[in-house]
Amino acid sequence: MSNTAMLHNIAGAPTEIGVSPVSIHIGAEIDGVDLTKPLSAQAVEEIRAALLKWKVLFFHDQHLDHEQQLAFSRQFGELTVGHAVFGNVEEHPEIYSIAKHRKANRYKTGEKMEKPWTGWHADITAAINPPSASILRGVNIPPYGGDTQFTNLVAAYNGLSETLRGFVDGLRGVHRFAPPQGADTFEDYQELLKKRGQASEHPLVRVHPETGERALYVSPSFLKSIVGLTPRESEQLLELLWEHAVRQDYTVRFRWKAGDIAFWDNRSTCHLAPSDIFQIDADRQLYRTTLVGDVPVGVDGKPSNSLEGEPILAYAAE
Ligand code: SIN
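A brief report on the enclosed structure follows.

Thresholds applied
- Residues numbered from 1 in each chain as written.
- Predicted model: local features only at pLDDT ≥ 70, side-chain atom pairs only at ≥ 80, totals over all residues.
- Heavy atoms only, no water.
- Helix = DSSP H or I, 4+ residues; strand = E, 2+ residues; numbered from the N terminus.
- Buried < 20%, exposed > 50% of the residue type's maximum accessible area, 1.4 Å probe, protein only.
- Contact = heavy atoms within 4.5 Å.
- Areas by Shrake-Rupley, 256 points an atom, 1.4 Å probe, with all protein chains shown as cover.
- Pairing = 2+ DSSP bridges.
- Axes fitted to C-alpha atoms, helices over the stretch in contact; angles between N-to-C directions.
- Expected span 1.5 Å × (residues − 1).
- Arc of directions from axis to C-beta.

## Topic: the overall build of the chain
Each helix and strand counted, the chain has seven helices and 18 strands in total. Across the 318 residues that make up the chain, the buried fraction comes to 50%. Long-range pairs, those at least 24 residues apart, make up 82% of the contacts in the chain with a sequence separation of at least 6. For the chain, the computed accessible surface area is about 14800 Å², with 51% contributed by carbon and sulfur atoms.

## Focus on the sheet that holds strand E9 (residues 172-176)
If you walk across this open sheet you meet the four strands as E13-E9-E10-E18, and the pairing is antiparallel. Whereas interior strands pair on both sides, the edge strands pair on one side only; in this sheet they are strand E13 (223-226) and strand E18 (305-308). Adjacent strand axes in the sheet meet at a mean angle of 25° when their direction is disregarded.

## Observations regarding the side chain of Thr 290
Residue position: Thr 290 is located in strand E17 (residues 285-291). For Thr 290, the residues in contact, after removing those within four places along its chain, are Glu 78, Leu 79, Thr 80, Val 81, Gly 82, Pro 131, Ala 133 and Ser 134.

## Let's talk about helix H1 (residues 41-54)
For H1, built from 14 residues, the straight-helix expectation of 20 Å at 1.5 Å per residue is met to within 8% by its first-to-last C-alpha distance of 20 Å. Buried within H1 we find Ala 43, Val 44, Glu 46, Ile 47, Ala 50, Leu 51 and Trp 54. Seen along its axis, H1 keeps its buried residues to an arc of 165°; they face one direction. In H1, the exposed positions angled more than 90 degrees off the buried face are occupied by Ala 41 and Lys 53. Those residues of H1 hidden inside the fold are in contact with strand E2 (14-15), strand E3 (18-21), strand E4 (28-31), strand E5 (56-59) and strand E15 (261-265). Of the residues flanking the end of H1, it is Lys 55, one or two places downstream, whose phi is positive at about 75°.

Okay, structure coming up:
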């Protein structure tokens, strides 16, 4: 929360926020701000800069309600509807509830996650303009377990050999919603997809619109195939890239407490929701807002194209 001591950046200049990196490539804790109140223009700019650099920011002890989460989020851009496919919290069209049991059906058969990248994703990359950033507020947090992991896709891109970078720079992939293989899913999932399904072809390497950095734009839960390759080539190359993208040295693991906020750049990261929470009784409840995103652009300057569904626009009350 607010910090009375004067904060400085590494060059010694006074700052409104404190930024403490938590791993080499990704994640920083932010202090010196009270998110229940409007931020100064300088604090907003400093948070934006920290987000671009560290890709995911963690704020502790904030305890926002729905209205305060909306007000905080709006200082960084226009908000989408809670979730373009799965809807929103009643009376709060721009808030999506991340409740433990929303996905419980997927796990009720007890099937194991077999591959380390299973479940990793950037939010809604099936859309032509996936949200640019997401803001997740922890309300009910299990006493242990339930961590969220994040990976830096710019570091992952830079960690590929120059030869492979040159190859993937020119590729595009098809992202779509599909039930996880071999798992039960929401009863009405297919119905929802018929009404609000999304599919898009995005560059495999995305040029970040603000930093110009290249990100390995592989969102394992949504990315189904690489255009122009045989199914086997596509499967093998995707496995290689996914395994690479979630290497431990590009990732950070966030241990939640009630009142925490995680704010991530969806254009340069993927994240993994926990599956261990289904093995204990404790509840877990978080709430997410997402900022409207733009259409990704590849290294060749070519934008993504939509295969199905509509762009995710700013929520507008009717
Ligand atoms: C999400 O995928 O946005 C939620 C992450 C989480 O539940 O930890």
